[in-house]
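Next come the chains, spelled out residue by residue.
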Amino acid sequence: MTETTAAEVMAELAALEDPKTRKVNEKHGDDHGVHLSKLRALAKRLKTQQELARQLWETDDTAARLLAILICRPKAFERDELDVMLREARTPKVHGWLVNYVVKKNPHSEQLRLAWFSDPDPVVASAGWALTTERVTKKPEGLDLAGLLDTIEAQMRDAPDRLQWAMNECLGHIGIEHAEYSARAIDIGERLEVLKDYPTPPGCTSPFAPIWIAEMLRRQHDK
């Protein structure tokens, strides 16, 4: 399918549209009805096609953009191009996939992390925090972890949902990955009570930082 056109792909996506899937996705803010397993199967068939990915992104269709992310070359995007794409992302799934599957693999990821971290748009800032969490876990050298905890302590409770979630993930990973900050991270979580009552399915770990950190540390200890 190396010569597949964007129009042909859009027609195939339309044929995969399922009303029940759309209904479930829309509850999470994602306006598409293509089951992700079918989307991934289509991406596997198309293989990597950077130009097609760019054309699909330009449609502003959520399923097409998710597919674009799966078939693009993450390292081929320029810094400013990714900045525009993030601000255009609209839906949580497109935003999350773009950060995790593309930006994290792009050579400009650190520049974008710094640019987005304090952006006045909380959704853009949440991407900066997600990239910061990546560094907390994989490359913490040079990060001011105590300063990050100060910011989380001061801002997380009143932050908009997606930014709050990203800050909470950073808090959790600081507590889990860096033993010297575990007690403080748990204390911040206990006092702010962010996500304390988040509905957690049986067998899953709560995203409430004190519970999450304690459980991950217990697992590390038991290994």
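In the block above lies the structure referred to throughout.
Residues numbered from 1 in each chain as written. Predicted model: local features only at pLDDT ≥ 70, side-chain atom pairs only at ≥ 80, totals over all residues. Heavy atoms only, no water.

1. Considerations on the layout of surface pockets
Then comes step 1: In this structure, the largest pocket encloses a volume near 710 Å³.
Then comes step 2: Taken together, 24 residues make up the lining of the largest pocket; nearest its centre are Pro92, Gly96, Asn100, Trp165 and Glu169.
Then comes step 3: Elements represented by at least two residues in the lining of the largest pocket include exactly helix H7 (92-102), helix H9 (122-138) and helix H11 (161-177).
Then comes step 4: If you tally residues by element for the lining of the largest pocket, the top one is H7, at 7 residues.
Then comes step 5: Considering only enclosed or pocket space, the second largest pocket measures out at about 180 Å³ in volume.
Then comes step 6: If you trace the second largest pocket, you find it lined by Lys104, Ser109, Glu110, Arg113, Leu131, Glu134, Arg135, Lys138 and Lys139.
Then comes step 7: Counting residues per element, the ones that place at least two in the lining of the second largest pocket are helix H8 (109-117) and H9.
Then comes step 8: The element contributing the most residues to the lining of the second largest pocket is H9, with 4 residues.
Then comes step 9: Residue classes in the lining of the second largest pocket are distributed as 1 nonpolar, 1 polar and 7 charged. (1 Å grid on protein atoms, 1.4 Å probe; cavity = no way out; pocket = protein on both sides within 12 Å on 5 of 7 lines; lining within 4 Å. Points joined across faces, edges and corners; volume = space filled by probe spheres on them. Helix = DSSP H or I, 4+ residues; strand = E, 2+ residues; numbered from the N terminus. Nonpolar A, V, L, I, M, F, W, Y, C, P; charged D, E, K, R; others polar.)

2. So, helix H12 (residues 182-192)
Then comes step 1: Among all positions of H12, only Ser182, Ala185, Ile186, Ile188, Gly189 and Leu192 are buried. The buried side chains of H12 occupy one side of the element, clustering within an arc of 160° when seen end-on.
Then comes step 2: With its phi angle positive at about 60°, Glu193 sits one or two positions after the end of H12. (Buried < 20%, exposed > 50% of the residue type's maximum accessible area, 1.4 Å probe, protein only. Arc of directions from axis to C-beta.)

3. A closer look at empty space enclosed by the protein
Then comes step 1: Following the criterion strictly, the structure yields 1 cavity of 30 Å³ or more and no others.
Then comes step 2: Taken as a whole, the largest cavity spans an internal volume of roughly 40 Å³.
Then comes step 3: Along the walls of the largest cavity sit Ala53, Arg54, Trp57, Ala68, Ile69, Cys72, Phe77, Met85, Leu98 and Val102, which together make up its complete lining.
Then comes step 4: If you list the elements that add at least two residues to the lining of the largest cavity, you get helix H4 (50-58), helix H5 (62-71) and H7.
Then comes step 5: Element by element, the count of residues in the lining of the largest cavity is highest for H4, at 3 residues.
Then comes step 6: Here the residues of the lining of the largest cavity are counted per class, giving 9 nonpolar, no polar and 1 charged.

4. Brief notes about the packing of aromatic side chains
Here a ring pair, both rings aromatic, is described through the centre-centre distance and the interplanar angle of the planes.
Then comes step 1: What the rule picks out here adds up to 3 aromatic pairs.
Then comes step 2: Judged by centre distance (5.2 Å) and plane angle (55°), the ring pair of Trp165 and Tyr198 falls under tilted. In this pair, Trp165 sits in helix H11 while Tyr198 sits in the loop between H12 and helix H13 (209-222), placing the two residues 33 residues apart along the sequence.
Then comes step 3: For the cation-ring pair, Arg65 lies above Trp57, with the distance from its terminal atom to the ring centre recorded as 4.3 Å. (Phe/Tyr/Trp six-rings, centres within 6.5 Å; stacked < 30°, edge-to-face > 60°. Lys NZ or Arg CZ within 6 Å of the ring centre and 35° of its normal.)

5. Quick look at the pattern of salt bridges
Then comes step 1: Applying the stated criterion across every chain yields a total of 23 salt bridges.
Then comes step 2: Here Asp80 and Arg79 are joined by a salt bridge, their closest N and O atoms 3.0 Å apart.
Then comes step 3: The class for Asp80 is exposed, based on a relative accessible area of 53%.
Then comes step 4: In this structure, Asp83 and Arg87 form a salt bridge, with 3.1 Å as the shortest nitrogen-oxygen distance. Taken together, the positions of Asp83 and Arg87, both in helix H6 (residues 79-88) and 4 residues apart, correspond to about one turn of that helix.
Then comes step 5: With relative accessibility at 42%, the residue Arg87 sits in the partly exposed group.
Then comes step 6: Bridged by salt links that share partners, the residues Asp31, Asp60, Arg65, Glu88 and Arg90 form one connected network. (Salt bridge = Lys/Arg side-chain N within 4 Å of Asp/Glu carboxyl O.)

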